[in-house]
Structures are given as structure tokens and as C-alpha cells.
Amino acid sequence: MKLRSVLAAGVSLVGLAALVVVQGVGVGGVPPLGQALDPATGVMNLGSRAGLPRTGSIALGGLGSPVTVGFSKDGIASISGKSQLAVYQAIGYVEARNRLFQMDLIRREAAGNLAAILGPSYLASDLFELRLGLVRTAERNLAALPPASLAILKAFSAGVNDAISYDKAHNALPTAIRLLGYTPAPWTPLDSMLVQGFMTQMLDYTQTPVDYSIMISHVGFAQTMKLFPIIAPNAQNPYDPGPYHFQGTIPPDPAVSISPGLKTALGQLQAQAAALPPFAIHTFSNSNNWAVSGSRTANGRPLLAGDPHLQQTLPSIWYWLSASAPGLHFSGVTVPGLPVILIGRNRNIVWSLTNVENQATFFYNEKTSSSHPDRYFYNGSWVRYHYYHYTVAVKGKSPVSLTVPVAAQGPVMTVRGATVAVDWLGNHTSPDLTDLIGVTHATNWSQFKAAISSWFAPTQNWAFADSSGQIGLMSPGGYPVFRHGDPWTVMSGTGASDIAGYIPPAAQPQVYNPPAGYVFTANQRPVSASYPYYIGTSWDFYTNGYRADEIKSFLAAHPKLTTAGAQQLQNSVTDYLATKMVPWLVATVNSSHPTPQVAAATALLARWNDQMTVSSPAAAIWWTFLTNDLKQAFGPWFKGIPQPPNSALDLNQINSALMEDLQVLNLNHARFTPPGSATPLDAAVIARSALTATVSQLAKQLGPVSKWSWGRLHSREFTSLTGAASLAYGPRSSSGDTWTVDAADGLLLSEAGPSWRMIVNFGGQSRAIYPGGQSENPLSPWYGNQIPYWWNGRYLAFGLNYGRPIATWTLEPRSA
């Protein structure tokens, strides 16, 4: 059986939803969904959910007052009423009528409850989630909600349950649910907290300390830190460059060693991650945003743009809506299962998110002894674990029992070889929902800043602009401070290396009305090398800076930015690294008397405009060269190191730290000695060898040079929720690469990238688009109707309302 889960995330939080893809052969005797839902071969009738919504009245239980839901021709829902709680109930109803299967799978994955409907192939995912403890965290977050936020969640949950009741009464439950043979449980406020937690996991949970420790066990601490330093060796463009006026932290401890038992445990942790659905944990950086003041726009009013780069799926990971009630007016995108938008606007402000990428996951090697069973040594004494017990249902199999010991730092993730616990900031209480609700009501920078001041995880870069002309950017959240140990490695669990506190809010990255007139983030390190606090290393998924470099270059060169200019930048496929390295490569190769074949390839690079376009032969040469150059330069250090899925140990262009190393080695004409060699290697010699290998490789793969193009190597695919190939979009030859502004996240097949593009111009046209549609039903005209716009760099109007609707639901209170 082949099943895979496509987890969309990001923003930044956004970063941010999980979709389980069901395909291949059947699940526990159920027919394969990929076949059963295929319009060409499927046998299930989807007609009851396929058409456009019809104008009419629908009675909802518990609705305090009537609500109107209008649908634009593109499926965007505009929800308005005279009561805020009634509007939130309607939001739950509308989301569930369009995305119920998606919502149910998100909460199941977070709760460790997939195997109950999908079978034993998802047991590993369930066991991981229950160990990590999203359910436990969701319970704490729910208990911490203020009454007003809890009331909104209850109203939203009531709306979801109204939709479930409607679908059951009309035999209209999503076909995937019917095929799997289950009835979705009623939605509760806890389920929305599970959605919040799992979004955080996708954006914030990493295994970088595991990867660092594995690397140290193979090549030693010093060499590991040369390859993956705390501060990247190349020039960066932090949005908050300082100066900083506060105290620093401790230097690295070079005495890190990895015992045989810990090495075994590290392998077990790697295996756990490899068994998870793709994108269940954070493995790549994502998203762009920028705000420009009126001093640098054509109309003299602020402009803000944002595009979170997350998994691109059908249906989309986002649901686009607007809401209006007395004291409540917002428009933007939410994640199905949440009652409030994460990115968007109200009447006065606009905001967008990107991931900060600071380290948020810390692993601890607990000291244990057979003389003290069920205990660990902590702060000078033997302390008893706290235990949680679970029974995991498995479709077609007997239930599986799981006991999770929890130490002071957090849950124990493995006891094989060594006992390793994890302190993940996503397991700490965070008032995300309440803060997001507060943002929708903010009218200026002060209110906006106050609304997110208590945000903890996942840390996000919040770009801001308002109608009065102000712009800003801030990155609130939990930034731990340590007094001992190297947080990027697996540390001692005896207490000395625990989190000692957090960076105070005043010292966290932030700018307001910067002198340059613009501010931007693209997952680059937000602060300069002089920042005195540790917030992560170059291997913590901070980008290599090339997207940020291109954004800064564009904004600096356009002092009168327009909406059209912002669209141009969001759709840019300029490879910034190519603008710096290709001239060096051309000069290096031409100085060495290349063969005619290599000379021809070099001539194409010399004439190239650095655009990663589908038709470009030079783009194909460039990317293939980078692959070969990386492997030839760094391959000797990676011999014998396991590189399973979900690991940052892969030797490819996604590894931002190694790309930064390669850039500096090449442009500095460096010489270095790899392991097992007594002779230093010259970066130029390696580059020439890599280009020679590239020419040979492309000739074998694509034929003569006249047939080379980036589009023959590179494609995008928007995978289907069901896994049916005919319900996906693509694979289709595509422009862009991992670090172009229009990012194609991945390697030669990209399944992630700009999941939502938004531009708000307070004095002109505002636009937005995402690559998908509002409905999860593949026979709906709103299943993928926005893809052609997105693919061709076009947008829809983005405001607080969307004109005359093509259909209207009047939601009315149900009579007793």
C-alpha cells in the first residue's frame, strides 16, 4: 500500500495545514481513492457536491441572528451579519461545506488518529504525534483561552457541526469519507487547537540538532562547524541590522562528543522522521513579504506584498474569505479548521507573515541508570518521569498501546541506545488564536504590535502597513537563552543546559518606518552577525539570502513602486546567485582551454540573463552544474553519512548552509583539503570538473545542446488531496528554482512554492491569488479555477468585498 500525506504549511504560520493523500491500492479493503475519485474511471457520484452553490435559505441551530454568505464567480465567500459570533459560526459552516475532508484529516494527523481510518501504514505517524504531544499541548492552549476567544471557537465549531449535519441529512458527505467508511466526529474547540498546533509543527519542528550530532560523530565538531557555522560566511541582508544595545550570550563549547549509545539513538530519531508523511516536520525555508512606505510608491501611499511558500495542493492549503459584522471587517486566507484569517487586511491595516527560522527544537540526552528505573538524573537527584498512556486504533488490526515518558525538558522520543527527550517550543502554550483575533481588530501599528506581543510559537516575521502611511516589521516569539551547552547539538539532560530564559521583546528583531522606506523578509537571518543573542545557526533553515538579495535589489531600483511592479517582483525568476557566480565560472572555464563542448556551454552561460525560464538552456546548465559542484566539493565529508527523507543531511541545493559555503569558496578562489586527501583542492579546478561533468550529463539526458532547456529538467506539480494523478495539476514544465522570488521549492520536481500571493496598495489596486480553488470536490468548477491566473502571473481583485455574488446563502436561526 502506498499512502502519503501532503502537509502544507507555513507561513510562516502560516505557515500551515496538513492534507493526507490517499492513493495506490486500497486501505483495509476500501477501494483506492485515487481510482475511485478519478473522473475518467471513478464510479462514485460526486454530483451532490459538485455544482455551484444555489441561492437559498439554510437554517442553523444556535445561530443568534441571520448571516448572508455571498459567493463570487471565483468562489470567494463574503460573510456578513449583525453579530460577530453569528459570523464566526457561518465561517465554520462555509469552511466545512467546502473542506470537511481536509479539516478532518488535519485534526486526525495532529491527534495521532490517522491509522484508525487509513490503516497500519500511518501507525508510525500516529506514534510520533502522540509522543510529541500535540494533543496535550492543544488541551493546554484551549484551557488558556480567554472567554472571548473560547466563545468564537464554540461558535465556529457549531457551524462546522451544522455543515456535518447538513451533509449527513442530504447524503452529501465528502466521497473520500464515504469510501473510507467512517463518519466524521463532531468538531470541537480542541480540534481547532490541534490545527493550530500542527501548523506550528510544520513550520517550527526540526531535527537539526540530530543532524548536527550525526555530522559530528562522523567528521568531528570543528569540521562540522566549518561546514555549518552559526553565522553564514556570505553577505546577508538582515531586516534589523542593529545596532543592538543589550548583553550577549556564551560562546560555543567545542568539547561535544557523541557516545555509541547516543549515535544509535540518533539513528532511531532519523528513522522516526523518515517514516513521517512529507512536510510533517520543517525541512525548508518558506515565504516572502515586504512593505514599502508612500515615499517610495507611485501614488504616495503604502504598499505591502506577501507570498507564503508552502505545499501546493488541490484543494489549496488556504481558504479565502471576507467577513463583516459591527466592529469586525477582514479579508484574507485562513487554514480550514480555524475561524480567523492568518494573512490579510481589514479597513485600516494589512499584514503578511514569513517564518523567522530561528531554532525552536532542542534535544536532550537524559542520564539514566538501571539502578533507578523509571527515573532520570536531573538537577542533582533522580526524578520520576511523568507518563501518558494511549491506545492507538489501527484499521484492520488490533489496537496498539503506547506509553510516553515525559522528562523536565519534554517528551522522550526514543530510548533505543540512549534516552533522548525534546523541548520543542511548539509544545509551550502560545496564544496564537487570540493574537490573530486581535490583529483583525487593530487599526494602527501600536494596536497591531500589542495584539501580537504575547505570540510565542512559531516565531514569525510580521510585515505591516496601514492606511495612515506607517510600515513596520517585527518578529515576536520565543527565543531561548542558554547558559551552557551548544543548543544546535543534542545536549546533556541533567539540567545545566536547560532553557534559562528568553530574549526580551525589546531586544527581538523589529523595525518601524525604516529610513530606507522599505523593509522585507525572505527567511534570511533577521539580524546581523553582531546580534549578541544565539537564535540559530546557518543550518536552521535560514535561507542562503538570495531571495532577500533579489528583493532588496528590486526595491532599491524602483523608487516609485506600483501594484504592477510588486506583481513583477513576486513573479521574478531571476537567480541572484547566478548573477554573482556565473561571471566567475565563465572566466574560470575560459582560462583553462576547455573542450569544444564545454566551451559551447560556457558561451551559453556568458550570454544568459540569469532568468530560470522554461526555455533557457543556460538555466539547465547552471542548475546541473551546481549539483555537480556541490557533490564534488563536499561529497568527501558526507561519505557514509545516512541521508534519509526529512533529513537536512542531503547534499543538494536545498541545503542552504552548503550553498553559502560553495559561494564563498568559489568567489574567493579557495583551496581546501577534504578528508582522505593530502593534497589541497582548488575551488576553480573543482568547478571546471563539475561543468565538464554537467555537459556530459546533459548530453546523455537531453541530447544535443539545441534541445537543452530548463523546462525539460524542471517541473511543478500541485498534488491532489486524493492522490489521483488526473486530479492533480501537472507535473508541468516550470520556471523558477529553489531561491528565485517565485520559488519552486524542491529540486527538479517542485511541490511547494508561493501558496498565496497578496498585494495591498492603499492608494490603488490590490490583488491576490492562490494556485488552487475553494472547493475540495474535483468536479466543482471551483476546484482549481485559480491555477491559470496564478501560473501566468495574473491576480484577482482583493478587497473587503467582491462585488455582486453569483449565489447567496441566507443562514437563519433554526426554530425550536
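Residues numbered from 1 in each chain as written. Predicted model: local features only at pLDDT ≥ 70, side-chain atom pairs only at ≥ 80, totals over all residues. Heavy atoms only, no water.

Chemist: Could you give an account of the overall build of the protein chain, with specific residues and numbers?
Modeler: Of regular secondary structure, the protein chain possesses 22 helices and 37 strands. In summary, the protein chain has a C-alpha radius of gyration of 26 Å against a globular reference of 28 Å for 816 residues, a match within 12%. For the protein chain, the spread of C-alpha atoms along the three principal axes comes to 85 × 70 × 60 Å. The 816 residues of the protein chain split such that 64% are buried. Surface accessibility of the protein chain: about 27,000 Å² in total, with carbon and sulfur atoms responsible for 55%. Put simply, the protein chain has 50 plus and 42 minus side-chain charges, and the middle of one group is 5 Å from the middle of the other. (Helix = DSSP H or I, 4+ residues; strand = E, 2+ residues; numbered from the N terminus. Rg over C-alpha atoms; globule rule 2.2 N^0.38 Å. Buried < 20%, exposed > 50% of the residue type's maximum accessible area, 1.4 Å probe, protein only. Areas by Shrake-Rupley, 256 points an atom, 1.4 Å probe, with all protein chains shown as cover. Lys, Arg positive; Asp, Glu negative; His and termini not counted. Charge placed at Lys NZ, Arg CZ, Asp CG, Glu CD.)

Chemist: Report on the packing of aromatic side chains, specifying residues and quantitative values.
Modeler: Taken as a whole and assessed by the stated rule, the structure comprises 42 aromatic pairs. Taking 5.8 Å as the distance between ring centres and 55° as the angle between the ring planes, the aromatic pair formed by Tyr531 and Tyr533 counts as tilted. For Tyr533, a relative accessible area of 13% puts it in the buried group. Here the basic side chain of Lys367 rests over the ring of Phe377, its NZ or CZ set 4.7 Å away from the ring centre. (Phe/Tyr/Trp six-rings, centres within 6.5 Å; stacked < 30°, edge-to-face > 60°. Lys NZ or Arg CZ within 6 Å of the ring centre and 35° of its normal.)

Chemist: Lay out the side chain of Ser766 with the relevant residues and their values.
Modeler: Here Ser766 lies in the loop between strand E34 (757–761) and strand E35 (767–769). Here Asn761 takes part through its backbone nitrogen, which lies 3.1 Å from a polar atom of the side chain of Ser766. (Polar contact = N/O pair within 3.5 Å; in protein donor to acceptor, adjacent residues only side chain to side chain.)

Chemist: So what's going on with the side chain of Ser715? Which residues, and what values?
Modeler: Inspection of the secondary structure puts Ser715 in strand E30 (residues 715–720). Classification of Ser715 by relative accessible area gives buried; the value is 14%. Residues contacting Ser715, with those up to four places away along its chain left out, are Pro731, Arg732, Ser733, Ser734, Leu748, Leu749 and Ser750. (Contact = heavy atoms within 4.5 Å.)

Chemist: A description of the sheet that holds strand E4 (residues 67–71) should follow, citing residues and the corresponding values.
Modeler: Ordered in space as E3-E37-E4-E5-E10-E11-E12-E13-E21-E22-E26, the 11 strands form an open sheet in which the pairing is mixed. Taken across any chain shown, the strands that pair with only one partner, and hence form the sheet edges, are strand E3 (56–60) and strand E26 (510–512). Looking at each pair of strands side by side, their axes are set apart by 15° on average, direction ignored. Sheet topology places strand E12 (residues 343–345) next to strand E13 (residues 349–355); two bridges connect them, and they run antiparallel. Counted as the bridge partner of Arg345 is Val350 from E13. Packing of helix H13 (residues 432–441) onto the sheet brings it into contact with strand E11 (328–334), E13 and strand E21 (460–466), and relative to E11 it is tilted by some 125°. (Pairing = 2+ DSSP bridges. Axes fitted to C-alpha atoms, helices over the stretch in contact; angles between N-to-C directions.)

Chemist: Explain the sheet that holds strand E14 (residues 361–366) to me, and be specific about the residues and the numbers.
Modeler: Sheet strands pair via backbone hydrogen bonds, and the direction of the pair is either parallel or antiparallel. Ordered in space as E19-E20-E14-E24, the four strands form an open sheet in which the pairing is mixed. Looking along the sheet, the strands with just one partner apiece sit at the ends: strand E19 (412–414) and strand E24 (491–492). Packed onto the sheet, helix H5 (residues 123–132) meets E19 and strand E20 (419–424) and runs at close to 145° relative to E19.

Chemist: Which residues make up the nonpolar core, and what are the values?
Modeler: Among the nonpolar cores identified, the biggest contains 220 residues, and Trp290, Trp622 and Phe634 are the most heavily contacted of them. The greatest single-element share of this core, amounting to 14 residues, is contributed by helix H3 (residues 84–111). Other than its neighbours up to four places away in sequence, Phe634 contacts Leu227, Leu651, Leu658, Asp661, Leu662 and Leu665. In terms of nonpolar packing, the next biggest core, distinct from the first, is built from 11 residues, Tyr244, Ile503, Val527 and Tyr542 among them. (Core = buried A, V, L, I, M, F, W, Y, C linked by side-chain atoms within 4.5 Å.)

Chemist: Before we move on, can you summarise helix H21 (residues 683–702) with the specific residues and values?
Modeler: Turn by turn, an α-helix covers 3.6 residues, leaving residues three or four places apart pointing in a common direction. With 20 residues, H21 extends 28 Å from end C-alpha to end C-alpha; this agrees with the ideal 28 Å at 1.5 Å per step. Looking at the buried residues of H21, the elements they touch are helix H17 (576–590), helix H18 (596–607), helix H19 (617–638), helix H20 (656–667), strand E28 (671–672) and strand E29 (681–682). Structurally, the start of H21 carries an N-cap: the backbone nitrogen of Ala684 is 2.8 Å from a side-chain oxygen of Asp682. Where H21 ends, the next residue or the one after it, Gly703, has phi of about 95°, a positive value. (Expected span 1.5 Å × (residues − 1).)

Chemist: Break down the pattern of salt bridges for me, with residues and values.
Modeler: Enumeration according to the criterion identifies eight salt bridges in this entry. Residues Asp682 and Arg671 are paired through a salt bridge, measuring 3.9 Å at the closest nitrogen-oxygen approach. Residue Asp682 is found in strand E29, and its partner Arg671 is found in strand E28; the two are separated by 11 residues along the sequence. (Salt bridge = Lys/Arg side-chain N within 4 Å of Asp/Glu carboxyl O.)

Chemist: Tell me about the packing of H18 against H21, and please be specific about residues and values.
Modeler: In contact at an axis separation of 10 Å, H18 and H21 are set at 100° when each is read in the N-to-C sense. Accordingly, the angle class assigned to the pair H18 and H21 is roughly perpendicular. Taking contact as the criterion, the partners of Gln597, Val598, Ala601, Thr602 and Leu605 in H18 are, on H21, Leu691, Thr692 and Val695. Its residues placed into classes, the contact of H18 with H21 shows five nonpolar, three polar and no charged. (Parallel < 35°, antiparallel > 145°, perpendicular 65-115°, else oblique. Nonpolar A, V, L, I, M, F, W, Y, C, P; charged D, E, K, R; others polar.)

Chemist: Kindly report on H13, identifying the contributing residues and their values.
Modeler: Of all 10 residues that make up H13, seven are buried, and the element is covered over most of its length. Along H13, the residues that are buried comprise Asp432, Leu433, Asp435, Leu436, Ile437, Val439 and Thr440.

Chemist: Give me unusual backbone geometry: which residues, what numbers.
Modeler: Apart from glycine, the bulk of residues carry a negative phi angle, and the bulk of peptide bonds sit in the trans form. Ala457 connects to Pro458 through a cis peptide bond whose omega is 0°. Locating Pro458 in the fold gives a position in the loop between helix H14 (445–451) and E21. Of the consecutive residues Gly730 and Pro731, the connecting peptide bond is found in the cis state with omega at 0°. Relative to the helices and strands, Pro731 is located in strand E31 (residues 729–733). Of note in the backbone geometry, His593 takes a positive phi value of approximately 55° without being a glycine. Along the chain, His593 turns up in the loop between H17 and H18.

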